[in-house]
Protein chains: 2
Amino acid sequence: MTDLPKQRVDTPTNFPPFEQPCPIRDVLDRIGDQWSLLLLESLAPGRKRFSELGREIGDISKQMLSRTLKQLEQDGFITRTVYPEVPPRVEYELTDLGQSFRGPMQALVQWADANHRVIVEARNRYRGLD
Amino acid sequence: MTDLPKQRVDTPTNFPPFEQPCPIRDVLDRIGDQWSLLLLESLAPGRKRFSELGREIGDISKQMLSRTLKQLEQDGFITRTVYPEVPPRVEYELTDLGQSFRGPMQALVQWADANHRVIVEARNRYRGLD
DNA sequence: CTGAATCCCATAGGATACTG
DNA sequence: CAGTATCCTATGGGATTCAG
């Protein structure tokens, strides 16, 4: 029984609460994990099957691959199609929602790619003046 | 002594490794945490001080506020200015790098805002067919 | 092959108390 | 006010094993 993660309405903490649970945070909490973005990227070219995704990502465990795909399916980013064959085959594919996400995702990816160098330099500079 | 997080080159796992440590992942690992994006958003309008940010975010602990700001500073997203006054005042402000990040960030935020409803519906639909 | 279940550890992140 | 240090819990996520 996978009880879905509750919405963080619990402990207020030492700063006075301010905004209601916002959509941004809700979305980011889901696709902000270690693998979601990578998987959506991998699925961008087209439908792929389980192990194919595993190979492409490289260092993801089967467990996390499975979990993350399920999350993405639940949230409506991808579809999961099972082919009742002898060695089972399952294919994943972006939904319209998933496709529509490619825009902002690409913006992010491109920015990261373009600015990675600057960031690394900043880190090194920071370390330098310890 | 805050030893910086190492680069995940350790255990290969059960899938054969595939890509070298990529910039995307490196960047996302940093701004993909629970608070970075929120803070960058908060700082978008202009420079703000520590407690001001804390109040705006609402449910962030002082500790995480401090840590996250330091991370963002290290990576060159923001600057930290200390005013040697009686009650100390510290202000944070986006750097050029931080500013340049607003583009992709806004894309993401707007998408999240626009599609949150659809996602929530997808989740509920999924729960329905248990 | 595609997962689910179990075990286990490392880390994120909150609470609190203390400092300059 | 703006942090830092300490402690502690919850969660993320890998490894391994089991199942259809």
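Residues numbered from 1 in each chain as written. Chains lettered and ligands numbered in written order. Predicted model: local features only at pLDDT ≥ 70, side-chain atom pairs only at ≥ 80, totals over all residues. Heavy atoms only, no water.

### Remarks on the relation of the copies chain A and chain B
Part 1 of the reasoning: Mapping chain A onto chain B calls for a rotation angle of 180° and an axial translation of 0.0 Å; the resulting RMSD is 0.1 Å. Here the two chains are linked by the operation of a two-fold rotation axis. Across chain A, the smallest distance between a C-alpha and the rotation axis is recorded for Gly32(A), namely 2.7 Å. (Least-squares fit on C-alpha atoms with pLDDT ≥ 70 in both.)

### A look at the sheet that holds strand 3 (residues 89-94) of chain B
Hydrogen bonding along the main chain pairs the strands of a sheet, whether they run parallel or antiparallel.
All names here are of chain B.
Part 1 of the reasoning: What the three strands build is an open sheet, ordered 1-3-2; its pairing is antiparallel. Two strands close off the open sheet at either side, each with one partner strand: strand 1 (48-49) and strand 2 (78-83).
Part 2 of the reasoning: With two bridges connecting them, strand 1 and strand 3 associate as antiparallel partners. When the sheet's bridge partners are listed, arginine 49 is paired in strand 3 with glutamate 91. (Pairing = 2+ DSSP bridges. Helix = DSSP H or I, 4+ residues; strand = E, 2+ residues; numbered from the N terminus.)

### Here's the deal with the interface of chain A and chain B
Part 1 of the reasoning: Facing 58 residues of chain A, the contacting portion of chain B comprises 58 residues.
Part 2 of the reasoning: Summed over both partners, the interface of chain A with chain B buries about 5,200 Å², with 66% contributed by carbon and sulfur atoms.
Part 3 of the reasoning: Arg123(B) serves as the salt-bridge partner of Asp75(A), at 2.9 Å between the closest nitrogen and oxygen.
Part 4 of the reasoning: Taken together, the connections running from chain A to chain B amount to twelve residue pairs in polar contact (both at pLDDT 80 or more).
Part 5 of the reasoning: Broken down by secondary-structure element, the contributors of at least two residues to the side of chain A that touches chain B are helix 1 (23-31), helix 2 (36-43), helix 3 (50-57), helix 4 (62-74) and helix 5 (96-128) of chain A.
Part 6 of the reasoning: Here the side of chain A that touches chain B gets 19 residues from one element, more than from any other, and that element is helix 5 of chain A.
Part 7 of the reasoning: Of the residues contributing to the side of chain A that touches chain B, the split by class is 30 nonpolar, 13 polar and 15 charged. (Contact = heavy atoms within 4.5 Å. Buried area = accessible area lost by both parts, 1.4 Å probe. Salt bridge = Lys/Arg side-chain N within 4 Å of Asp/Glu carboxyl O. Polar contact = N/O pair within 3.5 Å; in protein donor to acceptor, adjacent residues only side chain to side chain. Nonpolar A, V, L, I, M, F, W, Y, C, P; charged D, E, K, R; others polar.)

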